[in-house]
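Coordinate analysis (summary)
Residue-level listing of the chains:
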Amino acid sequence: MAFTLKDCFGPLPAKTNNDQKPGNLSQNGYVSGTVPGTETPFGYTVTVSYVQNTDDIILYAEGKDIETMDSGKVAYPLSSGLKNLGLFSNMPFKAKGLNIGSSRLAGVGVTQPATFRVGYINAPDIRTAYGYRTFLLCLKNDQYTTLAALTHANFAPGTRRYISLVPERDYGGGTDVDKNFTTYYKCRLVITGKGKNGHEETVAPATAIYVYSTDKLCWSSKEFKTLNDIVVGPYQRNYEENMSVSRKTGGKSLEEYFLDLPKAMSVAMKTVVTAFENGLTPLADDANLYTNALNLVKTQGKALFDTAVAKSKADAGSGHEDLDDRPFYWARIKMSVKFKEKMQGFGYLPEDKLVKRLLLQFEESSRNYLGVDFTAAAGKKKILVTGFDPFQLDNNRRQSNPSGCVALNLHGTTTANGQAYIQTVIAPVRYEDFDGSSDPREGSGLGIVERYIGPWIDKVQAIITVSQSLPNEYNIDKYATVTRGGSSDNQGFTRLQYSRAIPISDPNLEWIITTLPPAFELPPAAYYWKYAYTFGEERDGSVPGQAPEAGRKMEAGSGSNYLSNEIFYRVARLRKEKRNTLPTGHFHIAMLQEVSNEDFSGAKTFTMLTIVKNTINNGVTGVPQ
């Protein structure tokens, strides 16, 4: 369908004290009923009112008194601040019934007026009874006038009349979904009451008046929204994106700087970005928006990854400058920002479902989450390798990540001995992607590892996760811990220090050992046996008597307790659950930019890649077919 709920809802229109006309605030109504399934009576009074200006009217009711029943239970009106609905601001709403004069707002088929929903207290527990709450109604004045005219023309004076909602369809099987993937209900308004002949009657306006809701609490007509559009400002970059403009180089944003570098990788990345921007231009906020935008983000996201891989593998420059992963990283950032700016111009925020779905598709294609394909393995051992984005950009705005260089250069290659075929993905340095929590400080759960790497556990011969270590170090980490250190990520998010990355009930999952075979120990690469029960107090698992105790909490694994340790742990946990003999583990490789603001070195990167390729080439000889 062509509209979204942003076309149906709007904020309370701006008013001055002179044109705001509050309703009769002294009028009270009494709401009573029975708690479903308990036969327990309840009741409380509501203060009813409305807000009206020359164009609009909003009807609402606010809970006032709470009464104690003979049973000792207390009726407790549920509260839902309108600011939490994201539609109105700071307006009280504690509604169970709405009476205005002799008219009452009631639900037909959507709510059950005879059985109200309340929260009630039954010491010492607080519980919630089931049913539906009544609501708030937002209309244009001419719509309300139409309903009032029906009331006067069809019902006897002084009798009770109801504005009732009639569902457009039977919602027992679910809800409708708009193009922003928001579920909603659609009802038409009618007047129900005792007719002049003394019988119950329902009268509908000649032109149907429709209202919409996502929660059956707040209902609004599209006409109310049309003249009261939500004003959406320009997109404001998030923490990671803002790094580009807050830490400029040579007077340029980091996006511009890295895309303008005189190297084939930069030129190629800029070409993809330009194609993406050109594709954004004709997008329109119409019924085809999702389809057209989806095609764009998937096509250009894949082009970004494939082009970066091709340029890295070609390594055309004499100084190995095209092994650089930074133009790829900053191109993705620029494309994400441009897409969000375009969508926000249509009124869609980054947190809207439409935008989130499309950004996910862009992440999936540009990071190769869904592009892993071992068709060309042709009987060779299938090896899945992961890398990371650059990080710690606060320390060095020119920072690369050698593991990202590895992922771009090794994708779609065969080891020198011909035994294994490699596919790669590149992970972000963001907690939210790993645990699914958008909270900037807390989170523990499933994410990209379980979603995208998990399905390969029973399809490949080995999984090697790779990340940046300290200078000159090439460590095959021995132990991974479920415990996090909580250091800041690329979004500026942290996690509670020494909290768990994922909930566990089995103490044997406190830490997990690598299953990468000894063949991976090809100097300078070697097993790294260090770990710590208490952070900073290292133990060496290779020393007799110092092997870690099963079930004991580690505050740091062999690769410490950041996301490099976490991706190692998450893959190992999946392996233990699904296929315990699968070789999995983490390869910590040398940091190449050793001092603040040190730039990328193609020569150092080429040497690093040679070491990594040799290590994997030797390691796969110990991996079963």
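This text goes with the structure placed above it.
Attention here is on the structure that accompanies the text.

Criteria and thresholds
- Residues numbered from 1 in each chain as written.
- Predicted model: local features only at pLDDT ≥ 70, side-chain atom pairs only at ≥ 80, totals over all residues.
- Heavy atoms only, no water.
- Helix = DSSP H or I, 4+ residues; strand = E, 2+ residues; numbered from the N terminus.
- Buried < 20%, exposed > 50% of the residue type's maximum accessible area, 1.4 Å probe, protein only.
- Contact = heavy atoms within 4.5 Å.
- Areas by Shrake-Rupley, 256 points an atom, 1.4 Å probe, with all protein chains shown as cover.
- 1 Å grid on protein atoms, 1.4 Å probe; cavity = no way out; pocket = protein on both sides within 12 Å on 5 of 7 lines; lining within 4 Å.
- Points joined across faces, edges and corners; volume = space filled by probe spheres on them.
- Nonpolar A, V, L, I, M, F, W, Y, C, P; charged D, E, K, R; others polar.
- Expected span 1.5 Å × (residues − 1).
- Axes fitted to C-alpha atoms, helices over the stretch in contact; angles between N-to-C directions.
- Parallel < 35°, antiparallel > 145°, perpendicular 65-115°, else oblique.
- Left-handed = near helix turned anticlockwise from the far one by under 90°.
- Pairing = 2+ DSSP bridges.
- Salt bridge = Lys/Arg side-chain N within 4 Å of Asp/Glu carboxyl O.
- Core = buried A, V, L, I, M, F, W, Y, C linked by side-chain atoms within 4.5 Å.
- Phe/Tyr/Trp six-rings, centres within 6.5 Å; stacked < 30°, edge-to-face > 60°.
- Lys NZ or Arg CZ within 6 Å of the ring centre and 35° of its normal.

To continue, consider the overall build of the chain. A tally of helices and strands in the chain yields 13 helices and 25 strands. A total of 625 residues make up the chain; the buried ones form 54% of that total. Look at the contacts in the chain between residues 6 or more apart in sequence, and 74% of them connect residues 24 or more apart. If you sum the accessible surface of the chain, you get close to 26500 Å²; carbon and sulfur atoms cover 50% of it.

All told, the structure shown has eight cavities of 30 Å³ or more when counted by the stated rule. The volume enclosed by the largest cavity comes to roughly 50 Å³. What lines the largest cavity is simply Tyr369, Thr386, Val425, Ala427, Ile448, Val449, Tyr452, Ile453 and Ile567. If you tally residues by element for the lining of the largest cavity, the top one is helix α11 (residues 448-453), at four residues. By residue class, the composition of the lining of the largest cavity is eight nonpolar, one polar and no charged.

For helix α7 (residues 326-345), with 20 residues, the first-to-last C-alpha span of 29 Å sits near the 28 Å given by 1.5 Å per residue. Along α7, 16 of the 20 residues are buried, which leaves the element largely enclosed by surrounding structure.

A few words on the packing of α7 against helix α8 (residues 353-366). Contact geometry of α7 with α8 gives a least axis separation of 11 Å together with a crossing angle of 160°. The angle between the axes of α7 and α8 places the two elements in the roughly antiparallel class. Where α7 crosses over α8, the handedness of that crossing is right-handed. Contact residues: Phe328, Arg332, Met335, Ser336, Phe339, Lys340 and Met343 in α7; Leu354, Val355, Leu358, Leu359, Phe362, Glu363 and Ser366 in α8. When its residues are assigned to classes, the contact of α7 with α8 shows nine nonpolar, two polar and three charged.

Now for the sheet that holds strand β25 (residues 584-589). Neighbouring strands of a sheet are bound in pairs by backbone hydrogen bonds; such pairs are parallel or else antiparallel. Strand order in the open sheet formed by six strands is β17-β16-β18-β25-β19-β22, with mixed pairing between adjacent strands. Sheet topology places β17 (420-427) and β22 (526-528) at the edges, where each strand pairs with a single neighbour. Averaged over all neighbouring strand pairs, the angle between strand axes comes to 30°, with direction disregarded. In this structure, strand β19 (residues 475-477) lies alongside β25, joined through three bridges in antiparallel fashion.

Further remarks concern the pattern of salt bridges. Taken as a whole, this structure holds 30 salt bridges when the rule is applied. Salt-bridge contacts for Glu341 lead to Lys338; the nearest nitrogen and oxygen are separated by 3.9 Å. Of this pair, Glu341 and Lys338 both sit in helix α7, separated by three residues, roughly a single helical turn. Overall, Lys338 belongs to the partly exposed group, its relative accessible area being 31%. Between Asp389 and Arg367 there is a salt bridge, and its shortest N-O distance comes to 2.8 Å. With Asp389 in the loop between β16 (381-388) and α9 (402-410) and Arg367 in the loop between α8 and β16, the pair connects residues that are 22 residues apart, well separated along the chain. Assessed through its relative accessible area of 1%, Arg367 is described here as buried. Among the charged side chains, a salt-bridge network with shared partners connects Asp435, Glu450, Arg484, Arg495, Glu566, Arg570, Arg573 and Glu577.

Here we come to the nonpolar core. Of all hydrophobic cores here, the largest spans 33 residues; its most connected members are Met269, Phe328, Phe339, Met343 and Leu358. Sort the elements by how many residues they give to this core and helix α6 (residues 289-314) lands first, with nine residues. Ignoring any residue separated from it by four or fewer positions in sequence, one finds Phe339 in contact with Phe276, Leu280, Ala293, Val297, Val355, Leu358 and Leu359. The next biggest cluster of nonpolar side chains, apart from the first, holds 29 residues, and it includes Leu516, Phe520, Tyr527 and Leu609.

Contact geometry of α9 with helix α13 (residues 602-619) gives a least axis separation of 10 Å together with a crossing angle of 65°. In the crossing of α9 with α13, the sense of the turn from one axis to the other is right-handed. For the pair formed by α9 and α13, the contact residues are Pro402, Cys405, Val406, Asn409 and Leu410 on the first element and Thr605, Met608, Leu609, Val612, Lys613 and Ile616 on the second. Class assignment for the residues of the contact of α9 with α13 results in eight nonpolar, two polar and one charged.

The next subject is the side chain of Ser365. Looking at where Ser365 falls in the secondary structure, it is placed in helix α8. What makes Ser365 buried here is its relative accessible area of 12%. With residues near it in sequence (within four places) discarded, Ser365 still touches Val297, Lys298, Gly301, Lys302 and Phe305.

A cis amide bond links Pro523 with the next residue in sequence, Pro524, at an omega value of 15°. By secondary structure assignment, the location of Pro524 is in the loop between β21 (511-513) and β22. Positive phi, normally seen in glycine, also occurs at His320, with a value near 60°. Take His320: it is sitting in the loop between α6 and α7. Look at Ala378: it is not a glycine, yet its phi comes out positive at around 45°. Take Ala378: it is sitting in the loop between α8 and β16.

Before going further, it helps to spend a moment on the packing of aromatic side chains. Under the counting rule described, the total for this entry stands at 17 aromatic pairs. With a centroid separation of 6.3 Å and 65° between ring planes, the pair formed by Phe305 and Phe328 is classed as edge-to-face. With Phe305 in helix α6 and Phe328 in helix α7, this pair connects stretches of sequence that are 23 residues apart. The class for Phe305 is buried, based on a relative accessible area of 1%. Overall, the relative accessible area of 2% leaves Phe328 in the buried class. Taking the centre distance of 6.4 Å and the plane angle of 70° together, the rings of Tyr479 and Trp529 count as edge-to-face. Of the two residues, Tyr479 sits in strand β20 (residues 479-481) while Trp529 sits in the loop between β22 and β23 (530-531), which places them 50 residues apart along the sequence. The ring of Trp456 carries the charged tip of Lys459 above its face, separated from the ring centre by 5.3 Å. Just above the ring of Tyr533 sits the side chain of Arg552; from NZ or CZ to the centre is 3.6 Å.

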